Amino acid sequence: LLKRNKKHLEYQVMEQLIDNIGRQLQLLERENKGISCFNIDDITVFYDSDAATASVHFAITNDEKIHDINDKNNLVITTPYPKEKNKTFHSPEFTEFLAKKTLPYEIHFKSGYYSFGLLCLHCYVSRSITATATATALETTLAPIINTKIYWFLKQVLQEDPIERRYICV
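1. Let's talk about the side chain of histidine 67
Mapped onto the elements, histidine 67 comes out in strand β5 (residues 66-68). Since its relative accessible area comes to 8%, histidine 67 is described here as buried.

What follows is the structure, encoded as structure tokens:
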């Protein structure tokens with residue numbers, strides 16, 4: 001889907017992506033599970049076979065990044081992460097985990113929200129934004145989509161403090 005849409009995904013497709021992944025994250029959280037980070041390959045695109053609707057659906061299909069959430073609202077990572085062939089989007093706390101190279105490791109369960117926000121930025125706004133981007137760089141990147149639903153969603157999931165992150169799509 002990304003290859004077909006060289007510049008970025010269409011607005012409605014992005015809304016569908018955010019909605020589909022959000023529902024799956026919500027179901028995982030009900031089971032005290034969460035996702036540490038996202039890679040483009042972790043999400044599979046499904047097309048509706050009915051040509052009249054021509055809708056797209058998204059699903060998280062990499063269960064290796066699903067971890068248990070403990071009593072402190074942290075994901076408990078007990079196995080090393082292999083180097084991935086495609087771009088992976090890391091939250092600041094996940095980047096710290098990778099730098100420390102110690103196991104077991106705990107990061108806030110909302111680390112996946114930040115990671116997904118970076119993936120959305122990559123798919124919709126800019127292919128060059130990273131987890132180390134400053135708040136000013138992020139604002140500049142978001143400027144073309146200011147005051148849209150996707151803008152406000154990204155502002156919530158890309159909060160520096162994991163406790164402040166919210167996965168809200170209206």
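2. Examining the nonpolar core
Ranked by internal contacts, the top residues of the largest apolar core, which has 44 residues, are Leu17, Ile21, Leu25, Phe38, Phe116, Leu154 and Tyr167. Sorting the residues of this core by element identifies α1 (11-30), β4 (56-60), β6 (74-77), α2 (92-100), β8 (105-108), α3 (111-124), α4 (135-142) and α5 (149-157) as the ones contributing at least two each. Per-element accounting of this core gives the leading share, nine residues, to α3. When neighbours within four sequence positions are excluded, leucine 25 is seen to be in contact with Ile35, Phe38, Ile60, Tyr113 and Tyr167.

3. What about the packing of α1 against α5?
Interhelical geometry of α1 versus α5 gives an angle of 40 degrees and a closest axis separation of 10 Å. In this structure, α1 meets α5 at a crossing whose hand is left-handed. On α5, the residues that touch Tyr11, Met14, Glu15 and Ile18 of α1 are Lys149, Ile150 and Phe153. Split into classes, the residues belonging to the contact of α1 with α5 amount to five nonpolar, no polar and two charged.

4. Some thoughts on the pattern of salt bridges
Scanning all chains against the criterion turns up eight salt bridges. Lysine 100 is the partner of glutamate 96 in a salt bridge, and the nearest nitrogen-oxygen pair spans 3.3 Å. Here glutamate 96 and its partner lysine 100 are both found in helix α2, four residues apart, which amounts to about one turn of the helix. Relative accessible area serves as the criterion here: at 40%, glutamate 96 is assigned to the partly exposed category. Overall, lysine 100 belongs to the partly exposed group, its relative accessible area being 46%.

5. Here's the deal with the packing of α1 against α3
Taken N-terminus to C-terminus, the directions of α1 and α3 make an angle of 165 degrees; their axes are 11 Å apart at the nearest point. As summarised for this structure, α1 and α3 are arranged roughly antiparallel, according to the angle between their axes. In the packing of α1 onto α3, the handedness of the crossing is right-handed. On α3, the residues touching Tyr11, Met14, Leu17, Ile18, Ile21, Leu25 and Glu29 of α1 are Tyr113, Phe116, Leu119, Cys120, Cys123 and Tyr124.

6. Notes on the packing of aromatic side chains
For the structure shown, the criterion picks out twelve aromatic pairs. On the numbers, 4.8 Å between centres and 70 degrees between planes, the contact of phenylalanine 153 with tyrosine 167 is edge-to-face. You can see phenylalanine 153 sitting in helix α5 and its partner tyrosine 167 sitting in the segment after α5, a full 14 residues away along the chain. Assessed through its relative accessible area of 1%, phenylalanine 153 is described here as buried. Here tyrosine 167 falls in the buried class, since its relative accessible area comes to 17%. Joined through ring pairs, the aromatic side chains of Phe38, Phe109, Tyr113, Phe116, Phe153 and Tyr167 make up one cluster.

Definitions and cut-offs
- Residues numbered from 1 in each chain as written.
- Predicted model: local features only at pLDDT ≥ 70, side-chain atom pairs only at ≥ 80, totals over all residues.
- Heavy atoms only, no water.
- Helix = DSSP H or I, 4+ residues; strand = E, 2+ residues; numbered from the N terminus.
- Buried < 20%, exposed > 50% of the residue type's maximum accessible area, 1.4 Å probe, protein only.
- Core = buried A, V, L, I, M, F, W, Y, C linked by side-chain atoms within 4.5 Å.
- Contact = heavy atoms within 4.5 Å.
- Axes fitted to C-alpha atoms, helices over the stretch in contact; angles between N-to-C directions.
- Left-handed = near helix turned anticlockwise from the far one by under 90°.
- Nonpolar A, V, L, I, M, F, W, Y, C, P; charged D, E, K, R; others polar.
- Salt bridge = Lys/Arg side-chain N within 4 Å of Asp/Glu carboxyl O.
- Parallel < 35°, antiparallel > 145°, perpendicular 65-115°, else oblique.
- Phe/Tyr/Trp six-rings, centres within 6.5 Å; stacked < 30°, edge-to-face > 60°.

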